[in-house]
Amino acid sequence: MGIEHWDETRRRWILYRSEAEHSADCRAYPYDAVPGRIFLDTNVVNLLVNYPDQIFEQQPLPSIEDALLAEDLEALMHIFYVGRRANWAIMASRKTLDEVDNTPDPEHRQRLRDFAVELISPEDEAIAYASVVGRRMIDAPFTRRLPDKADRELIGNAVGLECDVFCTRDRRTIIKKRDQLRLLPIRVLTPLEWWRHVRPWAGLCT
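My aim in this report is to walk through the structure given alongside it, one point at a time.

Rules behind the numbers
Residues numbered from 1 in each chain as written. Predicted model: local features only at pLDDT ≥ 70, side-chain atom pairs only at ≥ 80, totals over all residues. Heavy atoms only, no water. Helix = DSSP H or I, 4+ residues; strand = E, 2+ residues; numbered from the N terminus. Rg over C-alpha atoms; globule rule 2.2 N^0.38 Å. Buried < 20%, exposed > 50% of the residue type's maximum accessible area, 1.4 Å probe, protein only. Contact = heavy atoms within 4.5 Å. Areas by Shrake-Rupley, 256 points an atom, 1.4 Å probe, with all protein chains shown as cover. Pairing = 2+ DSSP bridges. Axes fitted to C-alpha atoms, helices over the stretch in contact; angles between N-to-C directions. Phe/Tyr/Trp six-rings, centres within 6.5 Å; stacked < 30°, edge-to-face > 60°. Parallel < 35°, antiparallel > 145°, perpendicular 65-115°, else oblique. Nonpolar A, V, L, I, M, F, W, Y, C, P; charged D, E, K, R; others polar. Core = buried A, V, L, I, M, F, W, Y, C linked by side-chain atoms within 4.5 Å.

1. Quick notes on the overall build of the protein
- What the protein contains, in helices and strands, is 11 helices and six strands.
- For 206 residues, the compact-globule formula gives about 17 Å, and the C-alpha radius of gyration of the protein, at 17 Å, lands near that figure.
- Counting over 206 residues, the protein shows a buried share of 48%.
- A fraction of 67% describes how many contacts in the protein between residues 6 or more apart in sequence connect residues 24 or more apart.
- Of the accessible surface of the protein, which amounts to about 11,500 Å², a share of 47% is contributed by carbon and sulfur atoms.

The structure is reproduced here in structure tokens:
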């Protein structure tokens, strides 16, 4: 069961079944809360590289037993379809490349690098500043709830790049502990939650 309904007759996704449902989402996710600068956690970059046909070309999703994976794939598919005409900045950092370099398979590692490099800011000053903020965030008191120092650094990179959202699939640690990260000037969202913010306003972006 997908997160949205595909109408075979009309050959399009049906995002809302009623005006009341749409209005409720508009109130819950106001237009000015739609993310404009989004930093992708390395696990999301992996998904984009592993499922490009489904996410970027709207090909049918494969049979997937992992319900959360299927939801994230469909959410990213909708996001990037809508985002073709939206003025969003999708970003990564040098730390992302460091994590990608830990990928054991050389061909997959190169595909990840090629994709991630395209997300890194071309401005040397911006990316250098993001690296500094990331390193400082490792030992910051308001990120210590996260057990993984690499997660702290990546979130610091996102803050340094002035992103609105840090998008991650890490529900076991980052999402689970995000209520304890309220001092951070950034929202932490899963791909599905990111799509929920975009969904009411998709018609304005396409």
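Let's pick the thread back up.
2. What to know about the sheet that holds strand S3 (residues 37-40)
- On the basis of which strands lie adjacent, the open sheet formed by four strands has the order S4-S3-S5-S6 and parallel pairing. Bordering the open sheet on either side are strand S4 (89-91) and strand S6 (187-189), each of which pairs with just one other strand. Put simply, the sheet's adjacent strands are angled 25° from each other on average, direction ignored.
- Against the sheet, helix H10 (residues 191-198) contacts S3, S4, strand S5 (165-167) and S6, and its axis sits at roughly 110° relative to S6.

3. Concerning the packing of aromatic side chains
- Under the definition given, this model contains five aromatic pairs.
- Note on Phe80 and Trp194: the rings are 6.3 Å apart at their centroids and 75° apart in plane angle, and the pair reads as edge-to-face. Of this pair, Phe80 sits in helix H4 (residues 67-82) while Trp194 sits in helix H10, placing them 114 residues apart in sequence.
- Note on Phe80: relative accessible area 18%, which makes it buried.
- Among the aromatic residues, ring-to-ring pairing joins Phe56, Phe80, Phe115 and Trp194 into one connected group.

4. Points about the packing of helix H2 (residues 42-50) against helix H6 (residues 106-117)
- Between H2 and H6, whose axes approach to 10 Å, the crossing angle comes to 110°. Classified by the interaxial angle, the pair formed by H2 and H6 is roughly perpendicular. Note on element contacts: H6 touches H2 through His108, Arg111, Leu112 and Phe115, opposite Val45, Asn46, Leu48, Val49 and Asn50.
- Partitioned by chemical class, the residues of the contact of H2 with H6 number five nonpolar, three polar and one charged.

5. Observations regarding the nonpolar core
- Leu40, Leu76, Trp88, Trp194 and Trp195 are the most contacted members of the largest nonpolar core, which totals 38 residues.
- Breaking this core down by element, the ones donating at least two residues are S3, H2, H4, helix H5 (94-100), H6, S5 and H10.
- With sequence-adjacent residues up to four places away left out, Leu40 is seen in contact with Val45, Leu48, Ile90, Met91, Leu119, Cys167 and Trp194.
- With 20 residues, the next largest nonpolar core counts Met137, Ala140, Val159 and Leu161 among its residues.

6. Structural notes on the environment of Arg109
- Residue placement: Arg109 occurs in helix H6.
- Put simply, Arg109 and Leu97 are 12 residues apart on the chain and 9.7 Å apart in space, counted from C-alpha to C-alpha.
- Residues contacting Arg109, with those up to four places away along its chain left out, are Val100, Asp101, Thr103 and Pro104.

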